[in-house]
Amino acid sequence: MGKAPLSRMLSWLVALMMALLTLALLFVLSIHQRAISLHDQLADRLTVQIVEADPSNRDRQKEAALHLLQSLSSVKSVHALSQQELEKLVEPWLGDHADSEITLPALIDFTILPHGDKQAIAAEIHHAAPSASLDDHGSSGATLLSFLSLLSSLLWSVILSLFFATIAIIALAVRSAVNGCHDKIILLSLLGAEQKRIAGLFCYKTGFDVFKGSVIGCAISILIAVLSRRLLASLPTPIFHSDSINFLPLLFIAFLPIITVIIGVMTAHIIVLRMVEKR
Amino acid sequence: MSAIVQFDHVHFAYNAGTDILSDLNLTFEQGQFYFVTGASGAGKTSLLKMIYMALRPYRGSMRIFGEDVMTLPERYIPSLRQRIGIVFQDFRLVPELNVFDNIALPLRLDRRKENFIHSTVGRILVQIDLPDKAFHFPETLSGGEQQRIAIARALIRRPEILVADEPTGNIDDGLAASILHLLSALSKRGMTVIMATHDLHLLDRVPHAKHIRLGTKGNLESVALLDQWSPLK
């Protein structure tokens, strides 16, 4: 290729843009999938909380509520938390002496089927256990879910902008690279090379440089993602889950180098033909 | 002899400015050697560029190999250019290619087979006396050597017309004489050689050549066989 500064940097410029684009894409996909996963986990999950000072009364109401939930057809699964599980839950706030000093409520986690009527279930529980209150995880996690959804939408718009910026930069870099070869293109034309042959020669070279840059960029971003995964996975509530990205978006990432090569080659083809036709 | 290039009332100007070539009527015949002379700016290079179709007249008609280039579709121009060898004033060698690949370039553009390319380029390297420089790069060679490579590249396809713009401008007298001898021999074998030069001393070295002298207004001042020609004042 020619001596234009952008032409020398074509591969690295493409690599940088592709790394940014792929990383952003991986991050957004992870957030998006995590939001879906959280929604699935929280939407149908509820907890019965029985706050009763008298232990025998609390246990009686707990048994009644548990029995009721197990009998309902709209309830998918039920789990009554043991004393050990309760103590573990409050341990961060109350320390090791939680069991001896404070009366803990009885908790029953349960999930309902997608079309289960939460209000009807709440009424029946209240009838069976008057001290019971119902905690709907779906409504309490709604703020987090809507935040993740908003974040996801914003990031998709960033991805879209980044994608168009990548296309523009590739097109500009290719244009600069081909313009740097102006004299050679004209020479080949004067030596009797057909337009398609000249375009083919420069498209091949451009396509190779763009492909090289794309593969390097994708490889860098995937490497960063893999390294980041170890750090992010160690967080108490990991957001960046490798297993939360499904196959189809990864296939799209694999096609990104091909998409950029097509853009680069088409740009080079058009510019070379215009250059030769001016003669 | 048949006409290979014909100019008929040709006018040419850059960007609709003053005429560089004005009302030019000229015929180049097959197998002839032509010197094109004239003062600086008389239009020698423009005339050559029109022959290899890098420039087109804005008025008049122009035929190359019998084809009217004024109406010829763009896609047919490469096939005509393949029949013309060009020696540029500034050589225009590709710096990234070695001597062998520079000379082989037209054959590679024609998609000729590699064994044909190797034998043809090897032969011409011997003819231009540079067989040991095949894998050198142009920047390591002298002006005279680069000039010979440019001539070899122009001749590698055995063109019907050789257009040379000041091909002896950068070389010593001895080398200029040998290049003129080569081009003269080629014209005797049927190649039309059209050579622009400002050096009138060269004219004496090709006695059978024709001399085309362009005037300062881009008009044709004279065309004559050299043995009928006398220097103008």
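The structure we're discussing is the one just above.
All values derive from a computational prediction rather than experimental measurement. (Residues numbered from 1 in each chain as written. Chains lettered and ligands numbered in written order. Predicted model: local features only at pLDDT ≥ 70, side-chain atom pairs only at ≥ 80, totals over all residues. Heavy atoms only, no water.)

A. Broad picture of the interface of chain A and chain B. Contacts between the two partners involve 16 residues from chain A, matched on the other side by 18 residues from chain B. Taking both sides of the interface into account, the surface hidden between chain A and chain B amounts to around 1600 Å²; carbon and sulfur atoms contribute 58%. When the area that chain A buries against chain B is broken down by residue, the three leading residues are Leu190(A), Leu191(A) and Arg197(A), summing to 40%. One can count one salt bridge joining chain A with chain B. The partner of Glu96(B) in a salt bridge is Lys184(A), with the nearest N and O atoms 2.9 Å apart. Across the chain A-chain B interface, the total number found is six residue pairs in polar contact (both at pLDDT 80 or more). Residue assignment for the side of chain A that touches chain B shows that the elements contributing at least two residues are helix H9 (182-190) and helix H10 (195-233) of chain A. (Contact = heavy atoms within 4.5 Å. Buried area = accessible area lost by both parts, 1.4 Å probe. Salt bridge = Lys/Arg side-chain N within 4 Å of Asp/Glu carboxyl O. Polar contact = N/O pair within 3.5 Å; in protein donor to acceptor, adjacent residues only side chain to side chain. Helix = DSSP H or I, 4+ residues; strand = E, 2+ residues; numbered from the N terminus.)

B. Representation of the sheet that holds strand E2 (residues 19-29) of chain B. Residue and element names in this part refer to chain B. If you trace the four strands from one edge of the open sheet to the other, you get E2-E1-E4-E5, paired in antiparallel fashion. A single partner strand is all that each edge strand has here, and the edge strands are E2 and strand E5 (67-68). For strand E4 (residues 59-64) and E5, the ladder comprises two bridges, and the chain directions are antiparallel. Opposite Arg-63, over in E5, you have Asp-68 as the bridge partner. Set on the sheet, helix H1 (residues 44-51) makes contact with strand E1 (3-13), E2 and E4; between it and E2 the angle comes to about 55 degrees. (Pairing = 2+ DSSP bridges. Axes fitted to C-alpha atoms, helices over the stretch in contact; angles between N-to-C directions.)

C. Up close: the pattern of salt bridges. One pass over the full model with this rule turns up 12 salt bridges over all chains. Three or more residues are tied together by salt bridges with common partners; here these are Asp101(B), Arg108(B) and Glu114(B).

D. Quick look at the packing of aromatic side chains. Counted according to the given criterion, the structure contains seven aromatic pairs over all chains. With a centroid separation of 5.9 Å and 65 degrees between ring planes, the pair formed by Phe163(A) and Phe164(A) is classed as edge-to-face. Among the aromatic residues, those joined into a cluster by ring pairs are Phe7(B), Phe28(B) and Tyr34(B). The cationic tip of Arg83(B) hangs over the ring face of Phe65(B); the distance from NZ or CZ to the ring centre is 3.9 Å. When the ring centre of Phe116(B) is taken as origin, the NZ or CZ atom of Arg112(B), which lies over that ring, is 4.1 Å away. (Phe/Tyr/Trp six-rings, centres within 6.5 Å; stacked < 30°, edge-to-face > 60°. Lys NZ or Arg CZ within 6 Å of the ring centre and 35° of its normal.)

E. Summary view of helix H5 (residues 143-155) of chain B. In this model H5(B) runs 18 Å from its N-terminal to its C-terminal C-alpha over 13 residues, within 8% of the 18 Å that 1.5 Å per residue would give. Judged by how many residues are buried, H5(B) sits mostly within the fold: 12 of 13 residues are covered. Summarising the contacts, the buried residues of H5(B) are in contact with H9 of chain A together with strand E6 (84-87), helix H3 (99-109), helix H4 (114-127), strand E7 (161-165) and helix H6 (173-188) of chain B. (Expected span 1.5 Å × (residues − 1). Buried < 20%, exposed > 50% of the residue type's maximum accessible area, 1.4 Å probe, protein only.)

F. Highlighting unusual backbone geometry. All names here are of chain B. Notably, Met-53 is not glycine yet its phi reads approximately 60 degrees, a positive angle. Here Phe-65, not a glycine, exhibits a phi torsion of approximately 50 degrees, which is positive. Tracing the backbone shows Phe-65 in the loop between E4 and E5.

G. The environment of Val75(A), seen in detail. Mapped onto the secondary structure, Val75(A) falls in strand E2 (residues 75-80). The residues contacting Val75(A), other than those within four sequence positions of it, are Leu69(A), Phe110(A), Thr111(A), Ile112(A) and Ile121(A).

H. Main features of the sheet that holds strand E3 (residues 106-112) of chain A. Residues and elements named next belong to chain A. The antiparallel open sheet is built from four strands, whose spatial order is E2-E3-E1-E4. In the strand order of this sheet, the two ends are held by E2 and strand E4 (132-136), each with one partner. Taking the axes of each pair of neighbouring strands and ignoring which way they run, one obtains an average angle of 20 degrees across the sheet.

I. View of the pairing of strand E8 (residues 192-196) of chain B. All names here are of chain B. With five of its five residues buried, E8 lies for the most part within the structure. Note: strand E3 (residues 33-38) against E8, four bridges, orientation parallel. Across the sheet, Phe-35 pairs through a bridge with Met-195, a residue of E8. Of the strand pairs in this sheet, E7 and E8 are connected by five bridges, and their pairing is parallel. Considered in E8, the bridge of Ile-161 is made with Thr-192.

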